[in-house]
Amino acid sequence: MPECYIFAADVYCEDCTRNHLMEQDEVMIAFPDLMGGGAHLIRTEDMLAELVRANGCDPENPATWDSGDYPKGPEADGGGEADSPQNCCVCGAFLENPLTSDGYEYVLEQVRMSDVSVEVLLADVTRSKAGLKLPDDSIAAMVEWLAFYGDDDMNREPRLTLNQVIALEPIMKRWDALRDVPTIEAASGASVIDIDFEDFPKGTDIEDIWHAFEADCPEFSAGEAMQGRYAGVLADSDPYQVALDGRNRGRRGNRRRPGRMVDGGRLVSRPRQS
Ligand SMILES: [Zn+2]
């Protein structure tokens, strides 16, 4: 985990903090070896300590100086959990901070709003994982975050990975359409559809349709879908209208806006909020 420093109302990576510190007279005086190629032997914390000490502050007590005057830190995990990916304000390095759940939603939203194709996006994620520089026109900060945290962060129910969102979108469109299909109770007690749906004739047990969905998409589980686990896959669907039982049918309020996330493998821009 890279450490970072707060300075002048911005976030600096350790390298850029060092570069700043090494240019300060107080640091140069305290460490004459800096000029003789010995810089790598001197820790960033020690340079900072000398700088603040020379200016009458207590290195052991960060409250004695203002981060507007001298850097404060180091802080672990890129400054900690934040609502967006944090990058060094000087060199742009990704600081590998974890995201809040709002932050994760923000990343997915930025990805959805972009015109970047899924193929390009995934290629960028791969590039970023390999430590390669991303092209300037990519939504680099988002890609870097997804590449760094990826699936490891998805224990936060009910968040989904980008790959899951992409895989689930077609099946969730069908699931959503199925919610509008009326059902009746058959003599057997099973719930069956009362009109034809896709290739399923009227009278098909609705659970057979769920199982067909699961067979078509290994990522999909009807049980999870009913619990709202995939809310957000269809970007503007209503996460609370998830039940497929008859009680909730017909209560759907908002019709969805046009403009979907994935269309034939391309991410499509949603209408921007102004
Ligand atoms: Zn930097």
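Here goes a summary of the coordinates provided. Note that this is a predicted model, so its numbers are computed, not measured.

## What to know about the pairing of strand S2 (residues 10-13)
Piece 1. Two elements, strand S1 (residues 4-7) and S2, share four bridges in a ladder whose sense is antiparallel. The partner of isoleucine 6 across the bridge, within S2, is valine 11.
Piece 2. Linking S1 to S2, which pair antiparallel, is a turn of two residues; within it alanine 8 sits at a positive phi near 50°.

## A word on the packing of aromatic side chains
Piece 1. What the rule picks out here adds up to five aromatic pairs.
Piece 2. Ring geometry for phenylalanine 7 and tyrosine 12: centres 5.4 Å apart, planes at 55°, overall tilted.
Piece 3. Under the relative-accessibility criterion, phenylalanine 7 is labelled buried at 9%.
Piece 4. A residue is classified by how much of its surface remains accessible, and tyrosine 12, at 14% relative accessible area, is buried.

## Regarding the environment of aspartate 194
Piece 1. One can find aspartate 194 in the loop between strand S5 (191-193) and helix H8 (206-216).
Piece 2. We classify aspartate 194 as partly exposed; its relative accessible area is 27%.
Piece 3. Between the C-alpha atoms of aspartate 194 and valine 181, which are 13 residues apart in sequence, the distance is 7.4 Å.
Piece 4. With near-sequence residues (within four places) excluded, aspartate 194 lies in contact with Pro182, Thr183, Ile184 and Lys202.

## Topic: the coordination of the zinc ion
Piece 1. At 2.3 Å from the zinc ion lie its protein donor atoms, namely Cys13 (SG), Cys16 (SG), Cys88 (SG) and Cys91 (SG).
Piece 2. Viewed at the metal, the four donor atoms of the zinc ion are separated by angles of 104 to 113°, and the geometry they form is tetrahedral.
Piece 3. Sequence positions of the residues that donate to the zinc ion give the spacing C-x2-C-x71-C-x2-C.

## Section: the nonpolar core
Piece 1. The biggest cluster of nonpolar side chains holds 19 residues, and the ones touching the most others in it are Leu178 and Phe220.
Piece 2. The dominant element in this core, judged by the number of residues it contributes, is helix H7 (residues 162-179), at five residues.
Piece 3. Phe31, Met47, Val52 and Cys57 belong to the second-largest nonpolar core, a separate cluster that totals 14 residues.

## A few points about the sheet that holds strand S3 (residues 72-75)
Piece 1. Across the sheet, three strands lie side by side as S2-S1-S3; this open sheet has antiparallel pairing. Of all the strands in the sheet, just S2 and S3 have a single pairing partner and so form its edges. The average undirected angle you get between the axes of adjacent strands in this sheet is 30°.
Piece 2. Running at roughly 95° to S2, helix H1 (residues 14-22) makes contact with S1 and S2 of the sheet.

Quick notes on the rules
Here the residue index of a chain counts from 1 through its sequence in written order. For a predicted model such as this one, the threshold for reporting local features is a pLDDT of at least 70, and the threshold for listing and counting side-chain atom pairs is 80 or more; totals across whole chains, interfaces and linings nevertheless cover every residue. Working from all heavy atoms in the structure, the side-chain values ignore hydrogens and water. The pairing criterion is simple: DSSP has to find at least two bridges between the two strands. Numbering of helices and strands starts at the N terminus; helices are DSSP runs of H or I of at least 4 residues and strands are runs of E of at least 2. For this analysis, a ring pair means two rings from Phe, Tyr or Trp (six-membered ring only for Trp) whose centres lie within 6.5 Å, classed as stacked if their planes differ by under 30 degrees, edge-to-face if by over 60, and tilted for the remaining angles. Exposure categories follow from relative accessible area, calculated using a 1.4 Å probe and restricted to protein chains: below 20% of the type maximum is buried, above 50% is exposed, and the middle band is partly exposed. In this description, contact between two residues means that some pair of their heavy atoms is separated by no more than 4.5 Å. Metal donors: N, O and S atoms at distances within 2.8 Å, or within 3.2 Å for Na, K and Ca, with water omitted from the atom set so that some sites may seem incomplete. Labels for metal geometry use angle windows, namely 85 to 135 degrees for all angles of a four-donor tetrahedral site, and for square planar (four donors) or octahedral (six donors) sites opposite donors over 155 degrees apart plus all others within 65 to 115; sites meeting none of these are irregular. Within this scheme, the nonpolar core is defined by two criteria: the residues are buried Ala, Val, Leu, Ile, Met, Phe, Trp, Tyr or Cys, and they are joined through side-chain atoms within 4.5 Å. Axis definition: a line fitted to C-alpha atoms, limited for helices to the stretch in contact. Angles are taken between N-to-C directions and run from 0 to 180 degrees.

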